[in-house]
Amino acid sequence: MADLTQDEALDRARAIDVESYDVFLDLTAEPVLSRTEVRFRWLRPDASTFAELRTQGVRSVTLDGVPLPPPQDGRLRLSRADGGDQAVLVAEAEADYSQEGRGLGRFTDPADGASYVTAFSYPDCGPEVFCCFDQPDLTATFRFSVRVPDGWECVANGQLARREGDVCTFTPVSGMRPYDLTFCAGPFSTAARTEAARTEVTVRHRHSLLGRTAVAPLPRFAGYARDAVAWYAGRLGVPCPYPAYDIVFMPDLAATALSVPGLMVVNEKLLGRPDDAGDQFSAMVCAHEVAHLWFGALVGPQWWDDVWLDEALASYLSYAALAAVAGVSESLSWTGFAYTDKPAAYKADELPSRQPVSSPVSTAARGRDKPFGILYVKGASVIRALAALIGDDALLRGLTDYLTRFAFGSATLDDLVGCWSRASGQDLAGWADQWLRAEGTTTVRLDEDGAVVQDVPRRQRIGIGLYDLDGDGKLHRRTLVHAELEAERTVVPGLADADAVVLNDQDLSYTRTGFDAQTARVLTAAACQVGDPLSEAVCWNGFWLLVTSGELPAAQFTDMACRRLQAGGLPEAGVEALLSRAAEAADAWAPPGQRAALREQIADATRTAAGDARKLAIGFAASAQADEQLAVLGAWLTGKDLPDGLALDAELRARILFTLAARGLARAQDIDALPRLDPVTGEVNRATCLAMQPDPAAKQAAWAAALSPGEPARIARACATGIWVPGQEELMAGYRGRYLTEALPALVTRKQQSKSRLSRLLFPATLISEATIEAANAAKPSDDILRLAVAEQATIMRRRLDARRQR
């Protein structure tokens, strides 16, 4: 199918103005019947253009009542007739179901046999369901109706206006893009209903989960959404543009969650998290998606080069909103961002796929394939850096101006920067060029004279923490100063007499923190315990970058992390991050001969560490290595000898079985019981457990499932996740060649997101050797996405191999 180019989109926007869509789907028909009526206006007397339609079958197409030939390459060719400016395009088609979590999907609940149907048009799947002019800047009013089986309900972008028999009709929604059209249908149960100002919030889930502990947190999730709506409306000065906001939890979703006008769909895997009032992750996901009601729904990008605007602004605002949504302090909120998200941006900026946050893209596909670390995290980090530079008030005033000027329409980066420039009284065009239109990051460090040096000069404002050692060898921050940098070298008085100097303290800017030799020694001895959670996160990120660049041995980092865990006082995000990074250091960055001892050290540290018992137990389960440690996991699995006050929940059970399965110690009946004990993530975790077993037949079955186009996307990913296990290199040696000769050709025809994810998950990541790197570099996949994925993985492997040789 032809990929839309920017030139084609510009030409189409000059040719037509789309006024409305009337879309009807019959879910009782097999295949699904789709009927679309599009009303648009010709803008030029000799205009011609095209609409997209890529359904399984096409019954009929008419333009102003005149029959048209079927689409070619997914496009319907349209030319203006002599009848005037107004035109009506009508298409009747047959839509098929997809297994990849995009387009039209169908899920059959194994618990009760009930079926559920979803339609996700984002990013480019709308034409697989209905006829449309599929580009971001051609907004229109959407009317949607659907015929559903008996006993079903449906939620969509608009509110339910009426139900006549089995046909649900929804209120019109203005300013929608074709990729916004989304619905969920099936026998749902309602978990919670609340109201935020003029917006009603309702949360639903599949019926078989009614009364299960997994859905117990959903009233709290509804509260997160209510409070986020109120917070954004108040801070942005723009009311929520939609009178209703329906939230549906579904299993077959490619992303963690998505939000479109009037509707949020959430992946059920979020229900696998504990029912914890302080669960920052669930609150952040909710706040992020609610922000899309303003950024993405009310105002969207004009073209795919600016799709980052929606995601970066939603990411930034979601962390800023956590204080109101989850009762988390702003400092602790950004601490979670620093530990959990920021490293993804630094990593993305080092790979062959690195690119500016905003850069020209010639086709829609290229715009949609920006890495998560760039699109979401770096974008949000740069916005936070701008707030440090111009002030929070000016940043918010600029956003209010942006939403007001471009409501129910499209905008560009220049539009947004113009709003911020007016709000701050500064010309920020040069700042945008430095930070948003240029790739890479800047490293700041002290030179021998105590001046701050930037390897890539950019305008930024950073915090600088001066730390002194007390008589007990503990670090205390004497003062925090702020400095605005622009030149390559900036003299900041008073930095030379501190025992340790932490640049970018408080993580205000998107910059890599380098340590002078004395600061590195002092922080290593103190295991980065500096007395402030956000400052400490900056230090740990700096040391992790030293590991991944081969400058710090993995064993030294692991020792620091274990000492810090045992000292206690870390926030939950810090505990999770240190345990995860220590395990990765042992598995991937340390020489193979050190792996077992390092994993034992990590597991032992969790048994004596101070902190959240559940996080530490999961860390122990993930790193257990010695026979005695594995025996403890076996006892926990039966409910024996668990740490005081700790229950064997779904996440801990799965983590235990992952480790035991990888060693060939998990019992078949325990693995097979996962879907029954955990109706939300049990089926997926079972697939991963089976794939992790050190058994040739298990590996072959997982490999085949991961590459099968008929396998549900969640199961394919679960199988791929479990195939490559550190310590199983000998067993998996033959799969290096199979990745190149089997996996890459099989993935060529997959949808963009599945192709991108599976090509990375199936890469022979544990076979860290020159042979694997040479084979990857010699591979020449015919597909751009696959070629980039292979290049990325080869780059990461080269760094790991070089780091292992550093000792």
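Summary of the structure given here.

Calculation criteria
Throughout this document, residue positions are counted from 1 along each chain, in the order its sequence is written. It should be noted that, the model being predicted, local features are given only for residues of pLDDT at least 70 and side-chain atom pairs only at 80 or more, the latter also being counted only at that level, while totals for whole chains, interfaces and linings use all residues. Hydrogens and waters are ignored; side-chain quantities use all the structure's heavy atoms. Secondary structure elements follow DSSP: runs of H or I of four or more residues count as helices, runs of E of two or more count as strands, with numbering from the N terminus. The atom set for the radius of gyration is the C-alpha atoms, and the globule formula is 2.2 Å times the number of residues raised to the power 0.38. Each residue is placed in one exposure class: buried if its accessible area under a 1.4 Å probe, protein chains only, is under 20% of its type's maximum, exposed if it is over 50%, and partly exposed if it falls in between. In what follows, a contact means two residues having at least one pair of non-hydrogen atoms within 4.5 Å. Accessibility throughout is a Shrake-Rupley quantity obtained with a 1.4 Å probe, and a residue counts as covered only by protein chains that appear here. Positive charges come from Lys and Arg, negative ones from Asp and Glu, while His and the chain ends are left out of the count. Charge coordinates come from a single atom per side chain, which is NZ of Lys, CZ of Arg, CG of Asp or CD of Glu. Angles shown run from 0 to 180 degrees and are taken between the N-to-C directions of axes, each axis being a line fitted to C-alpha atoms and, for helices, limited to the stretch in contact. Orientation categories follow fixed angle ranges, with anything under 35 degrees roughly parallel, anything over 145 roughly antiparallel, 65 to 115 roughly perpendicular, and all other angles oblique. Here a crossing is taken to be left-handed if its near helix is turned anticlockwise relative to the far helix by less than a right angle, and right-handed if that turn runs clockwise. Side-chain classes are defined by residue name, with Ala, Val, Leu, Ile, Met, Phe, Trp, Tyr, Cys and Pro counting as nonpolar, Asp, Glu, Lys and Arg as charged, and the others, Gly among them, as polar. Definition used for salt bridges: Asp or Glu carboxyl oxygen within 4 Å of a side-chain nitrogen of Lys or Arg. Here, any two strands with at least 2 DSSP bridges between them count as paired. Two rings from Phe, Tyr or Trp (for Trp, the six-membered ring) form a pair when their centres sit within 6.5 Å of each other. Planes less than 30 degrees apart are called stacked, planes more than 60 degrees apart edge-to-face, and all others tilted. Our definition puts a charge over a ring when NZ of Lys or CZ of Arg is within 6 Å of the ring centre and also within 35 degrees of the ring normal.

In this section: the overall build of the protein chain. Counting its regular elements, the protein chain contains 29 helices and 29 strands. Radius of gyration (C-alpha) of the protein chain: 27 Å, near the 28 Å computed for a compact globule of 807 residues. Classification of the 807 residues of the protein chain by burial places 60% in the buried group. Pairs at least 24 residues apart make up 71% of the contacts formed inside the protein chain by residues separated by at least 6 positions. Carbon and sulfur atoms make up 49% of the accessible area of the protein chain, which amounts to about 29600 Å² in all. Placing the 83 positive and 105 negative side-chain charges of the protein chain at their respective mean positions leaves the two points 2 Å apart.

With that settled, consider the packing of helix α23 (residues 696–707) against helix α26 (residues 735–747). Packing of α23 against α26 brings their axes to within 10 Å, and their N-to-C directions diverge by 25 degrees. With respect to α26, the axis of α23 lies roughly parallel. The way α23 lies across α26 gives a crossing that is right-handed. Contacts between α23 and α26 involve Pro 696, Lys 699, Gln 700, Trp 703 and Leu 707 on the former and, on the latter, Tyr 735, Arg 738, Tyr 739, Glu 742, Ala 743, Ala 746 and Leu 747. Of the residues belonging to the contact of α23 with α26, the class tally is 8 nonpolar, 1 polar and 3 charged.

Quick look at the environment of Met 692 now. Note on placement: Met 692 falls in helix α22 (residues 682–692). Considering only alpha carbons, one finds Met 692 and Thr 659, 33 residues apart in sequence, at a separation of 8.5 Å. Leaving out residues up to four positions away in the same chain, Met 692 has contacts with Phe 658, Ala 661, Ala 662, Lys 699, Gly 722, Val 725 and Gln 728.

Let us look at the pattern of salt bridges. For the structure shown, the criterion picks out 56 salt bridges. Among the ionic pairs, Arg 614 bridges to Glu 651, the shortest N-O distance being 2.3 Å. Of the two residues, Arg 614 is situated in helix α17 (residues 613–623) and Glu 651 in helix α19 (residues 650–662); the sequence distance between them amounts to 37 residues. Taking relative accessible area as the criterion, Arg 614 reaches 12% and is therefore assigned buried. For Arg 738, the salt bridge identified is with Glu 742, shortest N-O distance 3.0 Å. Residue Arg 738 and its partner Glu 742 are both found in helix α26; the two are separated by 4 residues, about one turn of the helix. When its relative accessible area of 32% is taken as the criterion, Glu 742 is described as partly exposed.

Where burial is concerned, most of strand β1 (residues 16–26) is hidden: 8 out of the 11 residues are buried. Hairpin connection, β1 to strand β2 (residues 32–42): the antiparallel pair is bridged by 5 residues.

Enumeration according to the criterion identifies 29 aromatic pairs in this entry. Ring centres of Phe 295 and Tyr 402 lie 6.3 Å apart, and the angle between their planes is 15 degrees; on these two criteria the pair is classed as stacked. Pair noted here: Phe 295 is in the loop between α3 (280–291) and β21 (299–301) and Tyr 402 is in helix α9 (residues 392–405), with a separation of 107 residues, a long-range link. The pair formed by Phe 295 and Tyr 402 is uniform in burial state, with each residue classed as buried. Linked through ring pairs, Tyr 316, Tyr 319, Trp 334 and Phe 337 together constitute an aromatic cluster. A cation sits over an aromatic face here: Arg 75 above Phe 50, 4.1 Å from the ring centre. Residue placement shows Arg 458 over the ring face of Trp 435; its charged tip is 5.2 Å from the ring centre.

On the basis of which strands lie adjacent, the open sheet formed by 3 strands has the order β26-β25-β28 and antiparallel pairing. Both outer strands of the open sheet, β26 (475–485) and β28 (500–505), are each paired with one neighbouring strand and no more. When the angles between neighbouring strand axes are averaged without regard to direction, this sheet yields 25 degrees. Where strand β25 (residues 460–469) lies against β26, 10 bridges are found, and the strand directions are antiparallel. What sits directly across from Ile 462, in β26, is Ala 483. Each of β25, β26 and β28 touches helix α13 (residues 533–548); the most contacted strand, β28, lies at about 95 degrees to it.

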